[in-house]
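# Structural overview for review
This is what each chain is made of:
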Amino acid sequence: MIGEMLKDTYRLVEEVASGGMGTVFVAEHKTLPRRFAVKLLKEAPKASPETLKRFEREATIASSLGHPNIVEVVDFDRTPDGEPFLVMELIEGQRLSSFVTSADP
């Protein structure tokens, strides 16, 4: 997916992480000198209606909140194939995993 354009606006440049619900990429805006985080729903064509609804609800709720400790959602749409994605502010820094230590003895 690297290099793919979403909405003819966001170009995916790097995969950041993959989790249970989706994959997050760094994306560059086509005309603005700004980078964003883009979350794409995993296996959207196979996803249940409940999963699709939950992903859309995440976008709707997150976009209505405004707080320094909550990532800002700036866009939500679907790819031409119908895969939903949300565009968020990109927060640069260290991965949380670098601060978490293993509980193994």
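Please read these numbers as outputs of a predicted model, since none were measured by experiment. (Residues numbered from 1 in each chain as written. Predicted model: local features only at pLDDT ≥ 70, side-chain atom pairs only at ≥ 80, totals over all residues. Heavy atoms only, no water.)

Our focus in this paragraph is the pairing of strand β4 (residues 35-41). When you tally the buried positions in β4, you get six out of seven residues, the bulk of the element. Here seven bridges tie strand β3 (residues 22-29) to β4, and the two strands are oriented antiparallel to one another. Bridge pairing in β4 places V24 opposite K39. Between the antiparallel neighbours β3 and β4 lie five residues. The pairing of β4 with strand β6 (residues 84-89) spans five bridges and is antiparallel. In the strand pairing of β6, L40 is matched with F85. (Buried < 20%, exposed > 50% of the residue type's maximum accessible area, 1.4 Å probe, protein only. Helix = DSSP H or I, 4+ residues; strand = E, 2+ residues; numbered from the N terminus. Pairing = 2+ DSSP bridges.)

Mapped onto the elements, S63 comes out in helix α1 (residues 49-64). The spatial distance from the C-alpha of S63 to the C-alpha of V74 is 6.7 Å, given a sequence separation of eleven residues. At a separation of 2.9 Å, a polar atom in the side chain of S63 contacts the main-chain carbonyl oxygen of T60. (Polar contact = N/O pair within 3.5 Å; in protein donor to acceptor, adjacent residues only side chain to side chain.)

With that settled, consider the pattern of salt bridges. A side chain of one charge can pair with a side chain of the opposite charge when the charged atoms of the two come close. Applying the stated criterion across every chain yields a total of six salt bridges. Two residues, K7 and D77, come together in a salt bridge whose shortest N-O distance is 3.6 Å. With a gap of 70 residues between them, K7 in the loop between β1 (5-6) and β2 (10-18) and D77 in strand β5 (residues 73-78) connect regions that are remote in the sequence. Taking relative accessible area as the criterion, K7 reaches 41% and is therefore assigned partly exposed. (Salt bridge = Lys/Arg side-chain N within 4 Å of Asp/Glu carboxyl O.)

With respect to the helices, strands and loops of the structure, G19 is situated in the loop between β2 and β3. Sequence separation of G19 and V73 is 54 residues, and the distance between their C-alpha atoms is 18 Å.

Once that is clear, we can look at α1. In this model α1 runs 23 Å from its N-terminal to its C-terminal C-alpha over 16 residues, within 8% of the 22 Å that 1.5 Å per residue would give. Three or more residues of α1 are buried, namely F55, A59 and A62. Mapping the buried residues of α1 onto a view down its axis gives an arc of 80°, with all of them on the same face. Exposed side of α1, more than 90 degrees from the buried face: P49, E50, K53 and S64 are the residues found there. (Expected span 1.5 Å × (residues − 1). Arc of directions from axis to C-beta.)

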